[in-house]
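# Architecture and fold: a report
Listed below are the residues making up each chain.
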Amino acid sequence: MEGIDFLDGGFGTMVQAAGLPPGKDPTDWNVENPDAVASVHRAYAESGSRIVLANTFGANRLKYHGPYDLKELVASAISIARRGAASAKVALDIGPTGRLLKPAGDLDFDDAYEAFAEMVRFGAEAGADLVFVETMGDTRELKAAVLAAKLNSNLPVYATVALDESGKLLTGASVECVATLLESLGVDAYGFNCGLGPDRMLPFVERLAKVSTRPIIVKPNAGMPKIVDGKTVFTVGPEEFAKTVAKLVDAGASIVGGCCGTTPAHIAAVRDSLSGASAARLPAPVPRTVVSSGTGVVELRPHAGLVIGERINPTGKKLLKEAYLRGDTAYVLREAVKQIDAGAEVLDVNCGVPGIDEAATLERTVETVQSVAACPIQVDTADPVALERALRRVNGKPLVNSVNGKRESMDAVFPIVKKYGGAIVGLCLDESGIPATADGRIAIARRILDEGAKYGFAKSDFVFDALTLAVSADPQAAVVTLETVRRLTEELGVNTVLGVSNVSFGLPNRPVLNNAMYALAKRNGLSSAIANPTLIRDVIDQAAEDVLLARDRNCEKWIALNAAAQPAAPVASAKGAEGGAQALGAAIRRGLRDDAAAAAKAMLAAGAGAMEVIEKGIVPALELVGDAFEKGTAFLPQLLMAADAAGDAFAVVRRDGMKAADGASRVSGRRPIVIATVKGDIHDIGKNIVRALLENYGFDVIDLGRDVAPEAIVERAKACGAGMVGLSALMTTTVGAMAETIRQLKAAGVDAKTFVGGAVVTQDYADSIGADFYAKDAMQSVRIAERVLGA
């Protein structure tokens, strides 16, 4: 079994069998029943597990609300695991908080980080051998947990995420997106756990193996739960499980175990099936320069010339400077959206305006821009303090603009990027300024590469800026830049970037010159350009080429041809109610909350009635986003931000547009929907998402919260005359409470349709417990409500 390591299997499955009462937090057993916990670890060690996860999955201050001290619980859990599995390494197990991070949720990044950091300190002090971050569904929370592990201990860090059947996280990240983030953060191994059985995991392991440079972890479920004779069971037995896990190893996994429904028998079967096997020897992934957001990945490649939008950089932009000074986030977000619509694949974010707190502004702007932009960003600042605060908050792996050949620059920037991850823009300048020759610029690039290597950065971690100077001041400026781009590409084998608009400074008809510079640079290998995406084009005008290649002395011909050039007149926008509805719909689809509220107010002021605003502006926009979500072209953050924007527009309509004749509420004639996370389960991300969408589709929702007893749900549903009851459960240990709640609802004669959902819930399970509907995601909950209660 060369190169293969064995993890343990499901913990909840085992403690339930050992008598853990339904709804009881397993963490408490570290104090109340340590022998039972130790026996679980011992059984896994005897089955072949060489790494066992301590009983600390939910032992953080945001999730644990029991009677015991967290430090005591964590220390006890590590000690128990050590006693029970003396031959195995013991991992501090870190699970999710059960809450969604801002801006899509209500949990601040720093609060999540501090909760995880406290756990890590407790675990390291107690003698854990490694940190195992697992079952993450949000890349922001994943980053917070990994950073907490790396910055508060010297322990190895493993990390796994929970995928849905499409290969996405809850918040929309793809396999490649997760890989890009975790590779950048420098975890020791990573992969997948929970959510899927081993057969469904196979295609995603194959994808991960193509990009991962680290050992790949798999901890699949033993299938998905079903009700058999009134009990929750998993249907994939040890032998079938082991056969499929062997296929995962052939695909590239080398650290294997099990999650929900698996037992020591499953792990023993896996160990036996892999006896004499070795880890797969797959081709090493080709080094790539990639950046990511929370939902996607962008690769920089020579000659691609992808556009990095420059419009959120205040240099030369009076209106943007003023927006930053007055804290006008809405203006900044509009600029972000315009650039994405125009084709920008990355957005440059720069807040360098005199008179503001750049660090605080950049930190805030990065987070808000990423609330509406699915593309990666480039963090652009010369201030190390601002850089660190912004990189900490970035969702994904950003471009970092920039480092240069000055010793002080490299000493300041490299440690920060190493800590938080990123691809680095290297400027070909140093203490002596910008070299006049390509030789001088190439020499600086080599020096930056050599120094970066000392921090562990490879060539693929860099994107070099050959630097563009004005041809009006130096006729050879573009020639030297183009030669430098070519040599960076061919000699050094690195990707490149240019701020192309500098070349036309001081000359008329600048866009045509900029386009020609962009096109010529692409032909010489340019990977990316910082430019205005609404203007930049791959077009070479002959006269412009003559200027750039120093064939037009002093730019005389160009000036004569273009001195009278005038910018094109702007296209008139739609007016009246139709234009107002378009503006409102666009704001909602993009999640621009301030703009949505303003557009709704403008429609009302122009004479539109409340129902016209709702029916022509708000609802169609929500429908478009909802359809995109169901088709997989939009993801949860976009869905939630659109819902928030719609909520702000609804608030304006309720306040300013709904008079007595219209009714006091947008909800009229429909019975309410009661929702709850079932008894014993404190995870309410999914439930909160369902509530937000239902409310913004006009339904009256009564949210009973989390860990709600069946009796309380029945009582409230009867009292309010509920038309529907929605139940959520994440853990295998609590799905039984879902079945009990439905049984009590029926026994009490509650005339309401039930719908259920959650990570471990399936259509088969919903059918087996008598639920009327299964909602695989939040948007389907809306569709069910529309069917039952009316759209």
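Residues numbered from 1 in each chain as written. Predicted model: local features only at pLDDT ≥ 70, side-chain atom pairs only at ≥ 80, totals over all residues. Heavy atoms only, no water.

## Side note on the overall build of the chain
This is how the line gets drawn: Secondary structure elements are taken from DSSP: a helix is a run of H or I of four residues or more, a strand is a run of E of two residues or more, and numbering for both begins at the N terminus. We compute the radius of gyration from the C-alpha atoms alone; for a globule the expected value is 2.2 Å times N to the 0.38, where N is the number of residues. Burial classes: relative accessible area under 20% of the type maximum marks a residue as buried, over 50% as exposed, and values in between as partly exposed (1.4 Å probe, protein chains only). For the accessible areas, the method is Shrake-Rupley and the probe is 1.4 Å, while residue cover comes only from the protein chains on display. The charged-residue count follows a simple rule in which Lys and Arg add positive charge and Asp and Glu add negative charge, with His and chain termini not counted at all. In plain terms, the charge of a residue is placed at NZ if it is Lys, CZ if Arg, CG if Asp and CD if Glu.
Counting its regular elements, the chain contains 29 helices and 25 strands. Taking 2.2 N^0.38 as the reference for a compact globule, 791 residues should give roughly 28 Å; the C-alpha atoms of the chain span a radius of gyration of 29 Å, in line with that estimate. Its C-alpha atoms give the chain principal-axis dimensions of about 90 × 75 × 40 Å. Out of the 791 residues belonging to the chain, those deemed buried represent 59%. Carbon and sulfur atoms form 51% of the exposed surface of the chain, whose accessible area is close to 30200 Å². Each charge class in the chain can be summarised by its mean position, and for the 84 positive and 95 negative side chains these summaries are 2 Å apart.

## With respect to unusual backbone geometry
In this chain, Lys102 is followed by Pro103 through a cis amide linkage whose omega measures 5 degrees. Looking at where Pro103 falls in the secondary structure, it is placed in the loop between β3 (89-94) and α5 (109-126). The linkage connecting Asn401 with the following residue, Ser402, adopts the cis geometry, with an omega of 25 degrees. Tracing the backbone shows Ser402 in strand β16 (residues 399-404). Of note in this structure, Cys194 is not a glycine but carries a positive phi near 60 degrees. One non-glycine residue, Asn509, adopts positive backbone phi at about 50 degrees.

## A short note on the side chain of Asn404
In plain terms, the rule: Any pair of N or O atoms that falls within 3.5 Å is considered a polar contact. Within protein, one atom must be able to donate a hydrogen and the other to accept it, and sequence-neighbouring residues count only if both atoms are side-chain atoms. Whether two residues are in contact is decided by their heavy atoms: any pair within 4.5 Å suffices.
Along the chain, Asn404 falls in strand β16. Looking at Asn404, the relative accessible area reads 13%, which means it is buried. There is a polar contact of 2.8 Å between the side chain of Asn404 and the backbone nitrogen of Lys406. Beyond its immediate chain neighbours, meaning those up to four positions away, Asn404 contacts Ser409, Met410, Leu427, Leu429 and Ile448.

## A word on the pairing of strand β4 (residues 130-136)
Put simply, the test is: The pairing criterion is simple: DSSP has to find at least two bridges between the two strands.
β4 sits mainly inside the fold: 7 of its 7 residues count as buried. Bridge analysis of β3 against β4 gives 4 bridges, and the strand direction is parallel. Residue pairing for β4: Asp93 is matched across the bridge by Phe132. With 4 bridges connecting them, β4 and strand β5 (residues 157-161) associate as parallel partners.

## Focus on the sheet that holds β16
To keep things clear, this is the line we draw: Orientation is described by lines fitted to C-alpha atoms, with helices fitted over the stretch in contact, and by angles between N-to-C directions that extend from 0 to 180 degrees.
Strands sit in the order β13-β14-β15-β16-β17-β18-β19-β20 around a closed barrel of 8 strands; the barrel is parallel. Across the sheet, the mean angle from the axis of one strand to that of its neighbour is 30 degrees, orientation sign disregarded. One ladder, built from 4 bridges, connects strand β13 (residues 306-309) with strand β20 (residues 528-531); its direction is parallel. In the strand pairing of β20, Leu306 is matched with Ser528. The strands that helix α15 (residues 407-420) touches are β16, β17 (423-427) and β18 (462-465); relative to β16, the one it contacts most, it runs at about 155 degrees.

## Structural notes on the packing of helix α9 (residues 238-251) against helix α10 (residues 264-273)
The line we're drawing: Convention used here: angles under 35 degrees read as roughly parallel, angles over 145 as roughly antiparallel, angles from 65 to 115 as roughly perpendicular, and any remaining angle as oblique. Left-handed is the label given to a crossing in which the near helix is rotated counterclockwise from the far helix by less than a right angle, and right-handed is the label when the rotation is clockwise. For this classification, Asp, Glu, Lys and Arg are treated as charged, while Ala, Val, Leu, Ile, Met, Phe, Trp, Tyr, Cys and Pro are nonpolar and the rest, including Gly, are polar.
The geometry of α9 relative to α10 is characterised by a closest axis approach of 8 Å and an angle of 45 degrees between their N-to-C directions. One finds that α9 runs oblique with respect to α10. Seen along the crossing, α9 lies across α10 with a hand that is right-handed. Residue-level contacts link Pro238, Glu239, Phe241, Ala242 and Val245 of α9 to Ala265, His266, Ala269, Val270 and Ser273 of α10. Looking at side-chain class alone, the contact of α9 with α10 contains 7 nonpolar, 2 polar and 1 charged residues.

## Here's the deal with the side chain of Glu545
Locating Glu545 in the fold gives a position in helix α19 (residues 542-548). Beyond its immediate sequence surroundings of up to four residues, Glu545 is in contact with Leu520, Ile540 and Arg551.

## Things to note about the confidence of the model for the chain
Just so we agree on the cut-off: Residue-level confidence of the predictor, termed pLDDT, takes values from 0 up to 100.
Scored by pLDDT, the chain has a mean of 92; 96% of the residues are at 70 or more. Below a pLDDT of 50 lies the segment residues 566-574, which in the model reaches 2 contacts outside its immediate sequence neighbourhood of four places, other chains included. Below pLDDT 50 for its whole length, residues 659-668 participates in 13 contacts with residues either more than four positions away or in separate chains.

## Here we look at the sheet that holds strand β24 (residues 753-757)
Read across the open sheet, the 5 strands follow the order β22-β21-β23-β24-β25; overall the sheet is parallel. Looking at which strands have only one partner, the edges of the open sheet turn out to be β22 (701-703) and β25 (773-774). In this sheet, β22 lies alongside strand β21 (residues 673-677) in parallel orientation, the contact comprising 3 bridges. Across the sheet, Val674 pairs through a bridge with Ile702, a residue of β22. Along the sheet, helix α25 (residues 685-696) contacts β21, β22, β23 (724-728) and β24; its crossing angle with β22, the most-contacted strand, is approximately 160 degrees.

## Structural notes on the state of the cysteines
Each disulfide consists of a covalent bond between the sulfur atoms of two cysteine residues. Which entries qualify depends on this criterion: Disulfide: a pair of cysteine sulfur atoms within 2.5 Å of each other.
One pass over the structure, following the stated rule, counts 0 disulfides. With no disulfide partner, Cys351 has as its closest neighbouring cysteine sulfur the one in Cys375, 15 Å distant. Classification of Cys351 by relative accessible area gives buried; the value is 0%.

## Looking at the nonpolar core
Just so we agree on the cut-off: Nonpolar cores were defined as sets of buried Ala, Val, Leu, Ile, Met, Phe, Trp, Tyr and Cys residues, with membership established by side-chain atoms within 4.5 Å.
One finds Leu142, Val256, Val369, Leu584, Ile588 and Ile618 to be the most contacted residues of the largest nonpolar core, which totals 240 residues. When residues of this core are assigned to their parent elements, the largest contribution, 11 residues, is made by helix α24 (residues 636-657). Residues within four places of Val256 in sequence aside, it is in contact with Ile4, Asp5, Phe6, Leu7, Val218, Val245, Val249, Val270 and Leu274. Among the nonpolar cores identified, the runner-up in size contains 27 residues, and Ala717, Ala722, Ala729 and Val761 belong to it.

## Points about the environment of Asp465
Tracing the backbone through its elements, the reader meets Asp465 in strand β18. For Asp465, a relative accessible area of 9% puts it in the buried group. Sequence-distant contacts of Asp465, that is, excluding residues within four places in its chain, are made with Val425, Gly426, Leu427, Cys428, Val497, Leu498 and Gly499. Within the structure, Asp465 has its side chain in polar contact with the backbone nitrogen of Leu467 (distance 2.8 Å).

## A closer look at the environment of Glu388
Assignment of secondary structure puts Glu388 in helix α14 (residues 384-393). Under the relative-accessibility criterion, Glu388 is labelled partly exposed at 26%. Residues Glu388 and Lys454 lie 66 residues apart in sequence; the distance between their C-alpha atoms is 20 Å. Contacts of Glu388, omitting those with residues within four sequence positions, involve Ile416, Lys419 and Tyr420.

## Considerations on the packing of aromatic side chains
Heads up, the rule is: Pairing of aromatic rings covers Phe, Tyr and Trp, the last through its six-membered ring, and needs centres within 6.5 Å; plane angles under 30 degrees mean stacked, over 60 mean edge-to-face, and all others mean tilted. Charge over a ring is defined by NZ of Lys or CZ of Arg lying within 6 Å of the ring centre and within 35 degrees of the ring normal.
Per the stated rule, a full pass over the model turns up 6 aromatic pairs. For the ring pair Phe132 and Tyr158, a centre distance of 6.1 Å and an interplane angle of 65 degrees mean the geometry is edge-to-face. Taken as a pair, Phe132 in strand β4 and Tyr158 in strand β5 lie far apart in primary sequence, 26 residues in all. The same class applies to Phe132 and to Tyr158, which are both buried. On the numbers, 5.6 Å between centres and 20 degrees between planes, the contact of Phe462 with Phe464 is stacked. Taken individually, Phe462 and Phe464 each receive the classification buried, so the pair is uniform in this respect. Following the ring pairs from residue to residue traces out a cluster consisting of Phe414, Tyr455, Phe457, Phe462 and Phe464. The ring of Phe699 is capped by Arg670, whose NZ or CZ atom sits 4.1 Å from the centre of that ring.

## Topic: the pattern of salt bridges
Here is the rule we go by: What counts as a salt bridge is simple: a side-chain nitrogen of Lys or Arg found within 4 Å of a carboxyl oxygen of Asp or Glu.
By the definition in use, this model includes 51 salt bridges. Across the pair Glu299 and Arg288 runs a salt bridge, and its minimum N-O distance is 3.5 Å. Residue Glu299 is located in strand β12 (residues 297-300), and its partner Arg288 is located in the loop between α10 and β11 (289-292); the two are separated by 11 residues in the primary sequence. In this structure, the salt-bridge partner of Arg783 is Glu786, at a minimum N-O distance of 3.4 Å. Pair noted here: Arg783 and Glu786 are both in helix α29 (residues 778-789), with a separation of 3 residues, about one helical turn. Taking relative accessible area as the criterion, Arg783 reaches 17% and is therefore assigned buried. Residue Glu786 is classed as buried on the basis of its relative accessible area of 17%. Through salt bridges with shared partners, a single network forms among Asp108, Asp110, Glu363, Glu367, Arg389, Arg392 and Arg393.

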